[in-house]
Amino acid sequence: MNLPILSLITFTPLIGAIVVAVLPSRRPDLIRRTTLAFALLAWVMSLVLLAAYAFGPAGFRFNEAIDWIPAFGIQYRVGVDGLSVLMVVLTTTLTWISVLASFGPIEDRVKGYMISFLVLEVGMIGVFVALDLFLFYIFWEIVLVPMYLIIGIWGGANRVYATMKFVLYTLVGSLLMLVAILATAFAYQVGHGGSWVGAFDYVQLQQFAATGGFGDNFQILAFLALFLAFAIKVPMFPFHTWLPDAHTEAPTAGSVILAGVLLKLGAYGLIRFAVPLYPYAAHTFAWPIIVLSVIAIVYGAIVSIVQPDLKRLVAYSSVSHMGFVTLGIFVFSPTALQGAILQMINHGLITGGLFLLVGVIYERTHDRTIAKMGGLAATMPIWSTVFGFFILASAGLPGLSGFVGEFLVFVGSFGIAPGIAFASIIVMVLAATYLLWMFQRVAFGTLSDFLQGLGGHLTDMNRTEMATLIPLGVLIVVLGLFPSVVLDLLRAPAQAFLAAAGVAVGG
Amino acid sequence: MSWSDVGTIAPVVIAVLVAAAVLIVDMGAPGHREPIVVTALGGLGLVAVSILIQAGHTGSAFGGAYSLDNLTVFLDMLFVAIAALTIMFAGDYLEPRGLPIAEFSAVLIFAVTGAMLVAGSTDLLLLFVALELMVLPGYMLAGFARQDPYSTEGAIKYFLLGSFSSAILLFGLAYVWGITGTTRVDGVAAALTTAIAHGSIQPGLAMGLAFMSAGVAFKMAAVPFHYWTPDAYQGSPTPVTAYLSVGPKVGAFAIALRLFVGALGPLKADWLPVVIVLAAATMTLGNLVAITQDNVKRMLAYSSIAHTGYILVGLAAYAGGQASGLSAILFYGAAYTFMNMGAFAVVTALQRRPGVSSQIATFAGLGRRDPWLGALMALFLLSLTGIPPLAGFWAKAYVILAAVQAGGWLSALAVLAMINAAAAAFYYLRVVVYMYMREPAEEAAPSSPGLLFRAGLAVTGVATLIFGFFPALVTAATNAANVFHG
C-alpha cells in the first residue's frame, strides 16, 4: 500500500484549517460544521489506519521519508507502531468530540477558534507519528501555539495568567530538549565518521544507543533535558503547577484536549525517546522518578479532596492518575508498561468525559463551585447518571477501563517494588473518597438555593452533549471488558521498549 | 585605479548614483512622493541586479583593499533588501508628519552604500571609512523628526556614543597596524600566524584586541556597550528604528567577520572568552530588561540586544572550531532582518496617524480591529520567539547546533541561550495577549496602510514563512557565503 496514509491523517486537519480560514466569519454554523467534517474525516482515516495496522506485523509501518534538510540529515520521516496508532486514534477521537462540544459554548470568534483546534490536531498527530527527532520537536512546538490561543482567548477570567504560565513552563522544557536533540544528533554524527545521514532518524539513533554509542555522562545530561521537557508536560510532581491553572481557565474543549492528549505527549515522549535513547541514564534515575511518581499519585489525590472547584478537582486528579503512567514506565516491567499505556488512553477518555460533564453544568450555571451545587440528581437525571458513570470509571471500578490500567501497573510494579505498589493502592481508596464525595455533594440532597435561583435554565443534557459523551462511555466499557483489544497492540512496543531499556524480557 | 576596479565595486557606485538621482528627481518635482519612491526602488533594483551579476565571481579591487566574494554578495543583497523595505514602510509614516521622503531615501541609500562597502572591505582603513559612511547617515536618520525632542535626544546619544566607539575602534586598529605593519586583512592574518608560530605575540596586541572588541561591541549593541540602543530606537521615527535594528547590526557583524574572523582569526583562542562573556551577558540582560518594557519599540530594542547575544553565540562557535557558526550568523542575520522589520512595520502601520504612541496598549484588540495586521504581527512575534517552523526557529537552531558541536563551554552557552529564548517568549507573547485577549481601546481607528506598505509587509511575511518551511534554500546561500571555511 503506497498511500501516504499518515501524512493524509496528519494534514487533513490542516487542509480543514485552510478551508475554514476562507469561509466567511458571518456564518459560524458553516464554520462549525466544516470543522467537524474535517475532524471526522481524520478520525475515520485513523480508524482505517488502526484496522490496517492491527491486521499486520508489528514494528514501525506505513513509513514515509522525504529529505527535508539534507545537509543535516533532517527528514520528514513518519511511521507508526502499536503505541503511536493508539495515540493517533485517541487524538482524532477526542478532537472531533471536542469540536462538537464547542458548538454551543463558543459563540465569539468561532473561526479563529476552529482554526486553532484544527492546527492543534495537526501538531498532536504529528508528534505521535514523527520518527525524525527534529520533526518531532517541530510538531511538539506547533501544539503550543494554538493551545496558548485557545486558553488565552476563549478561557475564563484569569486566562491570560494561566496561558502564559502554560507556555513558559512548556517552553523552558522544550527548548532544553532542542539542545539535547541537537547534541544527540551530533554525537551520532561523530560516531559515524562525520556523516549526518540518519543523525535525526529515530530508528538509527535507537540502534546506535543499543550498541552503547552514547557515553554515560552524555546520556545523563541529554536524558535530564528530555525528561524535564516531558515531565513538565505529563505533568510530574513538582512540575505540575501550571496544570490546575490551565485547566481551570481553559474552555471545556480545551480542557478535554489538554487532559486527553497534551498530557499524553509527555508520557509518549518518555516511552518513545527518553528511555530508549538513553537507557543508562534512565536506569540511573529510575528510582528518583518512581518516588516522584508515587508522590504525584498520593499528593494529587490528597489535594483533590480539598478542591472547592469542580474543574480544579478533576485537574488535580489528573496529576494523580498520570503518576500511575510514569510509575508504570519506570519500573521496567512489561505488564506495568502496558498498564501505563492503557492508563494513558483511559485517562484521556475518562477525564475528557469528566471535563465535558463539568462543562455541561458550567454552561447552565456559569459556576463550578462544588459548595453551590447539590440535588442535581432530581433536576438533571441523565446528566447525573452519566456523571456517576464517569466518576466510577475514574475511581477504578472493575469492569470499566480505569480499573484495568491501574491494576496492571500494580501487578507489574509489585514484583519490583512491593512497598511502592502498596502505597499507590491506598490511593484507590483516596480516589474513591474525593470522587464520590464530590458526586454526593453535587448530585444528592435537595436542590441548592443557588441552583433553584436559576429556575428553568437548569435543563438536562441536550442531544449534542450526549453525542459527545456516549462514544467515550462506550469505549470505557469496551476497554474495561476487553482490554486485550488494546493490549495485543501494545505487546510488541512494550517488548521493544524494554529491549531498548536493556531489560531482559520474560513472558 | 583601473576600470576593472570600478567594475568590481559597481554595485556600490550604482548605489551612490541612485542616492544622487533621488535628490535630483526631488529637485525636479519637489514634494511628490511617487517619483521619489519609483526612482529609489527602481535604483535599488538595478543595484540588486548588478550584485547578482557578480554572484559566484571573486575578485579584488584597489590592490586588495576591497574583495568581491560570496560573502560580499550575500551581505550586499541583504543590505539592499533592508533599504528597499525601509523605503516601502517609510512613506506612510513620514508623509502624515510632514517629513521629506526624498532626503530620507537618499540618506538611507548612502548609509546602505557604506554598509555594502563594509561587506567587501579587506583593508583596516577602508573598513573604518566604510563603517563611518554607514553610521553617519544613521545619526541623521535617528534625528530625522527634527521637531520631536525624543528623536533629537536619541540621535544625540547615538551620535556621541557612536563617534566615541568609532574612535575606540580606530585606536585598536592602530595597534594592529603598528604591530603587524600592514592594514591588509590577509597581511594581518599572515603576520599574526607567523608571530604565533614564533611565539612572539606582543602585549600591545592585547590592547588592540580590547579596543577593537569594545568598538565593535558598541556597534552591535552588545552588553555592556548597549546603552545608546533603547533611547535611539525609541526616539527615532519608527521606520528608522526598523532600519537601525537590522542595517547597522548586520553591518557590525560584517565588520566582525572581516576583522575578527578575517584578520584576527589566528588569535581566535584569545578572543573566544571575550565573545562568550559578551554573548552570555548580552542575551541575558537584553531579555531581562525587555520583559519589563511597556513600550513596544523599546521592547523590540531590548530584544534586538538579546538577538545580538544569540548571533554572538555563532561567532563564539566559530572561534571554538566550528566554521558552520559563521553560516549560522549569516542565516540569523537574514532571518532576523525580515522578521524584525516586519514587526517594526506593523508598529509603523499603527502609528500612521501622528500622535499614536507605541505603547503596548495601542495593540489592544488589534486581532479583531485588523485581522491581517494582527495575524502578521503574531507571525513575526512567534518567529522572533523561535517557534518552529518559522524563520527565527531555524536561526536559533543553526546557532545552537554550531555551539553544541563546538562543545565545552559553548554547550553551556547554548543551554543559556535556550533558557533566554524561553524567557523571551514572555514579552513577545505579551503583545499577542494584547492583540487577541484584550478589547480594543475606544478611539483606536483602523490603520489601512498604502499599497506599497502592504507589499513590503507581504515580503517580510512570506520571507519569514519561506525561511521557516524551506530553510535549505537559505542555507545553500549562507554556506556559499561562508568564505572562511578553511
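Owing to the predicted nature of the structure, the values given are computational and were not obtained by experimental measurement.

## Things to note about the overall build of chain A
- Assigned secondary structure in chain A consists of 21 helices and two strands.
- Relative to the globule expectation of 23 Å for 507 residues, the C-alpha radius of gyration of chain A, 22 Å, shows essentially globular dimensions.
- When its C-alpha atoms are laid out on the principal axes, chain A stretches across 75 × 60 × 45 Å.
- Counting the 507 residues in chain A, one finds 60% classified as buried.
- Of the contacts made within chain A by residues no fewer than 6 positions apart, 81% connect residues no fewer than 24 positions apart.

## Thoughts on the environment of B:Gly247
Residue and element names in this part refer to chain B.
- Within the secondary structure, glycine 247 is located in helix 11 (residues 238-263).
- Residue glycine 247 is classed as buried on the basis of its 28 C-beta neighbours within 10 Å.
- Those residues in contact with glycine 247, other than ones at most four positions away along the chain, are Phe79, Ile82, Ala111, Val112 and Ala115.

## Structural notes on the domain arrangement of chain B
All names here are of chain B.
- In terms of domain boundaries, chain B breaks down into domain 1 (1-263) and domain 2 (266-486).
- Computed from C-alpha coordinates alone, the two centres of domain 1 and domain 2 are separated by 21 Å.
- Taken together, the contact between domain 1 and domain 2 spans 46 residues of the former and 54 residues of the latter.
- Secondary-structure elements contributing two or more residues to the side of domain 1 that touches domain 2 are helix 4 (70-94), helix 8 (185-197), helix 9 (203-220), helix 10 (228-235) and helix 11.
- With 13 residues, the single largest contributor to the side of domain 1 that touches domain 2 is helix 11.

## A word on helix 7 (residues 202-210) of chain A
Residue and element names in this part refer to chain A.
- Tyr202, Leu205, Phe208 and Ala209 are the residues of helix 7 that are buried. Each buried residue of helix 7 lies within a common arc of 125 degrees when the element is viewed along its axis, so the set occupies one face.
- Contacts from the buried residues of helix 7 go to helix 5 (133-154), helix 6 (159-191), helix 10 (252-277) and helix 11 (279-284).
- Looking at the residues trailing helix 7, positive phi occurs at glycine 212, about 75 degrees.

## Comments concerning the environment of B:Val38
- Relative to the assigned elements, B:Val38 resides in helix 3 (residues 33-54).
- Sequence separation of B:Val38 and B:Val22 is 16 residues, and the distance between their C-alpha atoms is 9.2 Å.

## Brief notes about the packing of helix 7 (residues 149-180) of chain B against helix 10 of chain B
Residues and elements named next belong to chain B.
- Relative to each other, helix 7 and helix 10 sit at 145 degrees, their axes nearing to 7 Å. When the axes of helix 7 and helix 10 are compared, the crossing they make is left-handed. Contacts between helix 7 and helix 10 involve Tyr150, Ser151, Glu153, Gly154, Lys157, Tyr158, Leu161 and Gly162 from the first element and Trp228, Asp231, Ala232, Gln234 and Gly235 from the second.
- A per-class count over the contact of helix 7 with helix 10 returns five nonpolar, five polar and three charged.

## Observations concerning the interface of chain A and chain B
- The partner chain B presents 24 residues to the 25 residues of chain A that form the contact.
- When residues of the side of chain A that touches chain B are traced back to their parent elements, those giving at least two are helix 5 and helix 6 of chain A.
- Element by element, the count of residues in the side of chain A that touches chain B is highest for helix 6 of chain A, at 14 residues.
- Taken together, the residues of the side of chain A that touches chain B sort by class into 22 nonpolar, one polar and two charged.

## Quick notes on the confidence of the model for chain B
- Predicted confidence across chain B gives a mean pLDDT of 89, with 98% of residues reaching 70 or more.
- With a pTM of 0.89, the predicted complex shows an ipTM of 0.83.

## Digging into the packing of helix 10 of chain B against helix 13 (residues 296-319) of chain B
All names here are of chain B.
- Contact geometry for helix 10 and helix 13: axes closest at 8 Å, N-to-C directions at 140 degrees. Accordingly, the angle class assigned to the pair helix 10 and helix 13 is oblique. Where helix 10 crosses over helix 13, the two elements pack in a sense that is right-handed. Packed against helix 10, whose contacting residues are Thr229, Pro230, Tyr233 and Gln234, the element helix 13 presents Lys297, Arg298, Ala301, Tyr302 and Ile305 at the interface.
- Taken together, the residues of the contact of helix 10 with helix 13 sort by class into five nonpolar, two polar and two charged.

What counts, and where the lines are drawn
- Residues numbered from 1 in each chain as written.
- Chains lettered and ligands numbered in written order.
- Predicted model: local features only at pLDDT ≥ 70, side-chain atom pairs only at ≥ 80, totals over all residues.
- Helix = DSSP H or I, 4+ residues; strand = E, 2+ residues; numbered from the N terminus.
- Rg over C-alpha atoms; globule rule 2.2 N^0.38 Å.
- Buried ≥ 20, exposed ≤ 12 C-beta atoms within 10 Å, placed from the backbone.
- Contact = placed C-beta atoms within 7 Å.
- Domains from an automatic or database assignment.
- Arc of directions from axis to C-beta.
- Axes fitted to C-alpha atoms, helices over the stretch in contact; angles between N-to-C directions.
- Left-handed = near helix turned anticlockwise from the far one by under 90°.
- Nonpolar A, V, L, I, M, F, W, Y, C, P; charged D, E, K, R; others polar.
- pLDDT = per-residue confidence, 0-100.
- Parallel < 35°, antiparallel > 145°, perpendicular 65-115°, else oblique.

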